[in-house]
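Working through the structure, step by step
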Amino acid sequence: MLHTLLFQGLIHNFCHSLNQQNFNIPHQPISKKYYDKETSYQYMSEVIYPNWPAPQHIKAFTTVRSGGLSVAPFNSLNLGDHVGDAPLIVKQNREVLLNSNELPESPRWLSQQHGCRVIESLHWSAGECADGIVTNTLNHVCPVLTADCLPILLCNQQGDRIAAVHAGWRGLANGIVENAIASFDPVSYTHLEPTRPY
């Protein structure tokens, strides 16, 4: 399972281990370390940064499965609380994600239903049923969980409106992408640009 997160913020050391040259290499996982002082355990998670033309203050990455506490078949960085993994372990994995990537807040996790509902991050609450989340609020972390579905990240040219979308075949057929784009004001979404293929 992949976990894709998107937010806009001014985190100066978010990409401290990256330089511009590394940032543009597609599909190359970057290791992120986190040392838990309470347990004396060092976590090593890996993330992949997209190669897309978003403004510099927009931060996005996808996790891979390494670096967490879950055991098979969920090993190891399972962030999904809906797949049968131990809830305490999922909570600890989410803390590893938060701390190892220096996120500005805990992600606004959705209860994804393979539907086409998109919500504003300001109206989010725990357990919210939706497959997309949009924001124009600084430091709101907008995540989507995917296994065999597509994570779609959208951003306008100004970088003041972003969306993270969980797109399975049902959601695609029922308009999840269109709903996410419609959440951008008409001036913004006329300027959305397609990403370049790798």
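Here, every reference points to the structure presented above.
Criteria and thresholds
Residues numbered from 1 in each chain as written. Predicted model: local features only at pLDDT ≥ 70, side-chain atom pairs only at ≥ 80, totals over all residues. Heavy atoms only, no water. Salt bridge = Lys/Arg side-chain N within 4 Å of Asp/Glu carboxyl O. Buried < 20%, exposed > 50% of the residue type's maximum accessible area, 1.4 Å probe, protein only. Pairing = 2+ DSSP bridges. Helix = DSSP H or I, 4+ residues; strand = E, 2+ residues; numbered from the N terminus. Axes fitted to C-alpha atoms, helices over the stretch in contact; angles between N-to-C directions. Phe/Tyr/Trp six-rings, centres within 6.5 Å; stacked < 30°, edge-to-face > 60°. Lys NZ or Arg CZ within 6 Å of the ring centre and 35° of its normal. Core = buried A, V, L, I, M, F, W, Y, C linked by side-chain atoms within 4.5 Å. Polar contact = N/O pair within 3.5 Å; in protein donor to acceptor, adjacent residues only side chain to side chain.

Regarding the pattern of salt bridges
A complete count under the given rule lists four salt bridges for this structure. Residue R108 is joined to E105 by a salt bridge in which the shortest nitrogen-to-oxygen separation is 2.7 Å. Of the two residues, R108 and E105, both sit in the buried class. Residue E128 pairs with R117 through a salt bridge whose shortest N-O separation is 2.9 Å.

Let's talk about the sheet that holds strand β5 (residues 118-120)
Reading across the sheet, the four strands line up as β5-β6-β9-β8 and stay open at both edges, with mixed pairing between neighbours. Both edges of this open sheet fall to β5 and β8 (150-155), since each of them pairs with a single strand only. Looking at each pair of strands side by side, their axes are set apart by 15° on average, direction ignored. The pairing of β5 with strand β6 (residues 132-135) spans three bridges and is parallel. In the strand pairing of β6, E120 is matched with V134.

Some points on the packing of aromatic side chains
Tallying each qualifying case throughout the model produces one aromatic pair. The ring of W109 carries the charged tip of R94 above its face, separated from the ring centre by 4.2 Å. A cation sits over an aromatic face here: R161 above F184, 6.0 Å from the ring centre.

Some points on the nonpolar core
The biggest cluster of nonpolar side chains holds 13 residues, and the ones touching the most others in it are W52, I133 and A164. Only β4 (58-63), β7 (142-146), β8 and β9 (162-167) provide two or more residues apiece to this core. Counting eleven residues, the second-largest nonpolar core is a separate cluster that includes L77, L103, W109 and V141.

A short note on the side chain of N78
Tracing the backbone through its elements, the reader meets N78 in the loop between β4 and α2 (87-100). At 2.9 Å, the side chain of N78 and the side chain of D85 are in polar contact.

Let's talk about the environment of G175
Following the sequence through the fold, G175 ends up in the loop between α3 (169-174) and α4 (176-182). Residue classification places G175 among the buried positions, given a relative accessible area of 9%. Taking the C-alpha atoms as reference points, G175 and C116, 59 residues apart in sequence, are found 5.9 Å from one another.

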